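Commentary on secondary and tertiary structure
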Amino acid sequence: MKLLIVDDEKLTREGIRDSIARLSLPFDSILLADDGVHGLETAVSEQPDIVLTDVRMPRMTGVEMAEAILEKNPDTAIIFMSAYSDKEYLKAAIKLKAVRYVEKPLSLSELDDALAEALLNCQVRSHTRSAVMIQEKEQKGHLAHLLSLPGSEAAALELSSQLELTIGPATSFFTIIVDSMTRSPSFRRPRWMRRGRIS
């Protein structure tokens, strides 16, 4: 898991990084950026799972940066932080479905809770994506089977439509059938097969 901290105050972002490093959170790396422009560049190149960002920064606000990040990677979890009780920023955080909005000076326990919630969201999204990929793989396998059966064109076309695959008269395909055999426990290799030598 990667975390990106974006804040225009050097002492603040480094202090947050050092505080998070002492928490028992499963981050492989903690990245730093000094404003929204550099934060966006880092997010595009490093693909962090979570972005913890100040909202008021020069050149590009945290909200503007978060919008641009979410356009490129909608699964990124966003946590906003601000020293100001600004309703407009709070509205923006809600609109962007930010995980949390924490106030500065940050409470370490509140930050810990926010990051733990963001990590949980990331894990749920990851499991959901995996389940979708497995289901899609199974459906494609079923489609390949249907395409090899005479008289199953209607079912194949319906399934291909669900999978958003275009199949028409000009579509060609090939099928590979693999037959695997599990060796029985009583099977014993001939001497010439052992250790890769012929004797």
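What to know about the sheet that holds strand β3 (residues 50-54)
One open sheet accounts for five strands, arranged β2-β1-β3-β4-β5; its pairing is parallel. The strands lining the two open edges of the sheet, one partner per strand, are β2 (29-33) and β5 (100-103). Strand-to-strand, the axes of this sheet are offset by a mean angle of 20°, without reference to chain direction. Judged from the five bridges that link them, β3 and strand β4 (residues 77-82) form a sheet pairing that is parallel. By the bridge assignment for β4, T53 is matched with F80.

Points about empty space enclosed by the protein
In total, this model carries one cavity of 30 Å³ or more according to the counting rule given. In this model, the largest cavity occupies a volume close to 60 Å³. Around the largest cavity, the lining residues are L40, A43, V44, Q47, P48, A68, I69, K72, N73 and T76. Listed by contribution, the elements that provide at least two residues to the lining of the largest cavity are α2 (36-46) and α3 (62-72). Among the residues forming the lining of the largest cavity, the class breakdown is six nonpolar, three polar and one charged.

Description of the confidence of the model for the protein chain
Summary statistics for the protein chain give a mean pLDDT of 80 and a share of 75% for residues scoring 70 or more. A low-confidence stretch, residues 193-199 stays under pLDDT 50, and its non-local contacts, those more than four residues away or across chains, total seven contacts.

Notes on helix α1 (residues 10-21)
In this model α1 runs 17 Å from its N-terminal to its C-terminal C-alpha over twelve residues, within 8% of the 16 Å that 1.5 Å per residue would give. Along α1, the residues that are buried comprise R13, I16, S19 and I20. The arc that holds every buried residue of α1, seen down its axis, measures 130°, which confines them to one face. Opposite the buried face of α1, at more than 90 degrees from it, the exposed residues are L11 and A21.

Here's the deal with the nonpolar core
Counting 23 residues, the largest nonpolar core has L4, V6, V51, M65, I78 and F80 as its most contacted members. At the level of elements, β1 (2-6), β2, α2, α3, β4 and α4 (87-95) are the ones that each hand at least two residues to this core. Looking at this core element by element, the count peaks at six residues for α3. Residue contacts for L4: discarding those within four places in its chain leaves L31, L32, A33, G39, T42, A43, P48, I50, V51 and L52. With 20 residues, the next largest nonpolar core counts L23, L25, F27 and A118 among its residues.

Analysis parameters
- Every chain is numbered independently, its residues counted from 1 as its sequence is written.
- Whole-chain, interface and lining totals are the exception, using all residues; otherwise, since this is a predicted model, local features are given only for residues with pLDDT of at least 70 and side-chain atom pairs are given and counted only at 80 or more.
- Water and hydrogen atoms play no part in the side-chain values, which are based on all heavy atoms of the structure.
- We treat two strands as partners when DSSP finds at least two bridges between them.
- By definition, any uninterrupted DSSP run of H or I lasting at least four residues is a helix, any uninterrupted run of E lasting at least two residues is a strand, and each is numbered from the N terminus.
- In this analysis, axes come from line fits to C-alpha atoms, helices being fitted only over the stretch in contact, and the angle between any two N-to-C directions falls in the range 0 to 180 degrees.
- A pocket, in this scheme, is an open set of points on a 1 Å grid over the protein atoms alone with protein on both sides within 12 Å along at least 5 of 7 lines, while a cavity is a set where a 1.4 Å probe fits but cannot get out; residues line either one if an atom lies within 4 Å of a point.
- Grid points are joined across faces, edges and corners, and a volume is the space filled by probe spheres set on the points.
- When residues are grouped by polarity, Ala, Val, Leu, Ile, Met, Phe, Trp, Tyr, Cys and Pro land in nonpolar, Asp, Glu, Lys and Arg in charged, and all others, Gly among them, in polar.
- Every residue carries a pLDDT, the predictor's confidence in it, which falls somewhere between 0 and 100.
- Contacts are assigned to residue pairs with any non-hydrogen atoms lying within 4.5 Å of each other.
- To estimate how far a helix should reach, multiply one less than its number of residues by 1.5 Å.
- Accessible area is worked out with a 1.4 Å probe on protein chains only. A residue is then buried under 20% of its type maximum, exposed over 50%, and partly exposed in between.
- The arc in question is the one spanned by the directions pointing from the helix axis to the C-beta atoms.
- Residues belong to a common nonpolar core when they are buried Ala, Val, Leu, Ile, Met, Phe, Trp, Tyr or Cys residues joined through side-chain atoms within 4.5 Å.

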